[in-house]
Amino acid sequence: MLQQTAIDKFLVKSEEAAKVIIETVQKDGNISVFSHLDADGVAAAGVIGKMLVRLDARFRIRVMQWVDDKIVEAIKADKPELVIMTDFGSGYLDLLNEKIPDYNVVILDHHQITGTTNNPRIVQLNPHLYGIDGATEVSGSGVAYFAAKAVNAENVDLAPIALVGALGDMQDKYEQRSFHSLNEIIVNDAVAVGLLKVEKDLTFFGRETRPIHKMLATTTNPFIPGLSGQETDALNFVANLDIPLKEGDRLRALCDLKDDERKKLCTALADYLLSKGLHLEVENLIGNVYVLTKEEPNTALRDGREFAVLLNSTGRMDKPSLGIAICMGDRKCALEEANKILEGYRKNINKYLGWVMEKPERLRELNHIYVIYGENFINEKIIGTVSSILVSGLTNNEKPLLAFANIEQEQAAKFSGRTTEAALRKGVNLGDVMRIASETHGGKGGGHNIAAGAQVSLDKIEDFIKTADELVGKQLKGEKIGNENSN
Ligand SMILES: [Mn+2]
């Protein structure tokens, strides 16, 4: 009942945001859109872009890593009638208040809110304002979607894109990888307009595009001893089940299997895992898969999770406009090029993972955290992905992982933090840790309880790490670290 009221309040606020957007367009005002560069941010930009095209608005979209003086300068140069920020902004209310108090700003975000504002020119739509958890119940593209839907009901056809963003932010954390709360409303919208089918299947990555044995061999979640990383063994495993590997010349993917074949594969995998003593993992293999029904089969766009990875790679590899174009409906050159970008992105990540593991001083274990010293080797836009992958493989799973890369031209280091479920249950909130530790040393930071970021100047790296280590230690003991956000 309480939750229903919260959702209602959120939806009422979405109409307020919509009103500002519509009024700006009616006055033929210029709109500057800024969005975050991960999959969710790119999807959010796509949702807003499509909405603005339909309004015949004058607008420009830019995708950035964070809100900082560069954005402030861009706004002062463009002098837009309206600024829209998607998938970031709520962590920077003080900056906006101080630097651009005379601009109309609509913030469509789901990150933790830092600071407050009484400025009537800033309209903020954020689930945290209503006690809805922005880490798991709605993403940045979801918030953008609710604003777009309030602008015009025809924008419900953008619901699948909003879910792709939520998948990018890994919000499918409920039973059998389902969605909850505001995200569940988006699922229902997408299904109702015939653009989405929710199916139960193995949730391995690559359902549409990877040959079955490759899909098995590349899975690390769960890690299957004897199959993960073992392409030949995985091939034999599938071949032994009498499941044809090919259809004509093409290697079949999981989505191509007939029901009885899929059952056979599931049973065999369950037996295999049991034989390895991994009985807990069996039920975890099956979950919701999100099929975008209007997309071509055997493309990354057909599967919500693969779509998200594609978008993420365009943002991280400095080609967010490709991802945005795809979200807005481009299916020709943009898709082909995005697939190439994804390939390059994968190579980069593998290179970084190999590099981290090569020397012990690159991944250090402190009292309460791990730290990856990416320094000048790891690209600062990819550091977050690297920490996400590595945090799942660390031995002491109560310790969050921080990774940093240097941004020489700004004389700063960018930190990206990920924590584990175990640490989260013990009270670790990385958003607070990153914010307080960075502010202590003249930087800035924040984010979600499970994933957060920070920037400090190069000469403060060690100080920052030491403080973050101490703050996590305090949280693990259940102590307050001061100035926490309420969520
Ligand atoms: Mn997000």
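Residues numbered from 1 in each chain as written. Predicted model: local features only at pLDDT ≥ 70, side-chain atom pairs only at ≥ 80, totals over all residues. Heavy atoms only, no water.

A. Examining the sheet that holds strand β3 (residues 82-86) more closely. Strand order in the open sheet formed by five strands is β2-β1-β3-β4-β5, and the pairing between neighbours is parallel. Each end of this open sheet is capped by a strand with a single partner; those strands are β2 (58-64) and β5 (122-125). Each neighbouring strand pair of the sheet contributes to a mean axis angle of 15 degrees, computed without reference to strand direction. Two elements, strand β4 (residues 105-108) and β5, share four bridges in a ladder whose sense is parallel. Following the sheet pairing, Val105 is matched in β5 by Ile122. In the packing of helix α2 (residues 39-54) onto the sheet, contacts are made with β1 (30-36), β2, β3 and β4, and the angle to β1 comes to roughly 160 degrees. Packed onto the sheet, helix α3 (residues 69-78) meets β1, β2 and β3 and runs at close to 165 degrees relative to β2. (Pairing = 2+ DSSP bridges. Helix = DSSP H or I, 4+ residues; strand = E, 2+ residues; numbered from the N terminus. Axes fitted to C-alpha atoms, helices over the stretch in contact; angles between N-to-C directions. Contact = heavy atoms within 4.5 Å.)

B. A look at unusual backbone geometry. Look at Asp28: it is not a glycine, yet its phi comes out positive at around 60 degrees. Along the chain, Asp28 turns up in the loop between α1 (2-26) and β1. With a phi close to 60 degrees, Asp56 is a non-glycine residue in the positive phi region. With respect to the element layout, Asp56 can be found in the loop between α2 and β2. Residue classification places Asp56 among the exposed residues on the basis of a relative accessible area of 67%. (Buried < 20%, exposed > 50% of the residue type's maximum accessible area, 1.4 Å probe, protein only.)

C. Summary view of the nonpolar core. Ranked by internal contacts, the top residues of the largest apolar core, which has 85 residues, are Ile84 and Leu108. Ranked by the residues each element gives to this core, the list is headed by helix α13 (residues 333-358), at 11 residues. Both domain 1 (2-151) and domain 3 (359-476) contribute no fewer than three residues apiece to this core. Excluding its chain neighbours within four sequence positions, the residues that come into contact with Leu108 are Ala17, Ile48, Ile84, Met85, Thr86, Asp87, Leu125, Gly140, Val143, Ala144 and Ala147. Counting 24 residues, the second-largest nonpolar core is a separate cluster that includes Leu402, Ala423, Ile465 and Leu471. (Core = buried A, V, L, I, M, F, W, Y, C linked by side-chain atoms within 4.5 Å. Domains from an automatic or database assignment.)

D. Representation of the environment of Ile378 in the model. You can see Ile378 is positioned in the loop between β11 (370-375) and α14 (383-391). Linking Ile378 and Trp355, residues 23 residues apart in sequence, is a C-alpha distance of 9.0 Å. Those residues in contact with Ile378, other than ones at most four positions away along the chain, are Tyr352, Trp355, Val356, Ile372, Ile383, Val386 and Ala405.

E. Main features of the coordination of the manganese ion. Here the manganese ion is held by the protein donor atoms Asp40 (OD), Asp87 (OD), His110 (NE2) and Asp169 (OD), which lie 2.1 to 2.3 Å from it. The sequence pattern formed by the donor residues of the manganese ion is D-x46-D-x22-H-x58-D. Note that Asp40 is positioned in helix α2 and Asp87 in the loop between β3 and α4 (93-99), a separation of 47 residues in sequence. In this structure Asp87 comes out as buried when scored by relative accessible area, which is 0%. (Donors = N, O, S within 2.8 Å, 3.2 Å for Na, K, Ca; no water.)

F. Region of the structure containing the pattern of salt bridges. Tallying each qualifying case throughout the model produces 29 salt bridges. Its salt-bridge partner being Lys197, residue Glu199 comes within 3.3 Å of it at the nearest N-O pair. Accessibility expressed as a relative area gives 25% for Glu199, which makes it partly exposed. In this structure, Asp432 and Arg435 form a salt bridge, with 3.0 Å as the shortest nitrogen-oxygen distance. Pair noted here: Asp432 and Arg435 are both in helix α16 (residues 430-440), with a separation of three residues, about one helical turn. The exposure classification of Asp432 matches that of Arg435, with both residues buried. Taken together, the salt bridges that share partners define one network made up of Lys197, Glu199, Asp201, Arg207, Glu208, Asp259, Arg262 and Arg302. (Salt bridge = Lys/Arg side-chain N within 4 Å of Asp/Glu carboxyl O.)

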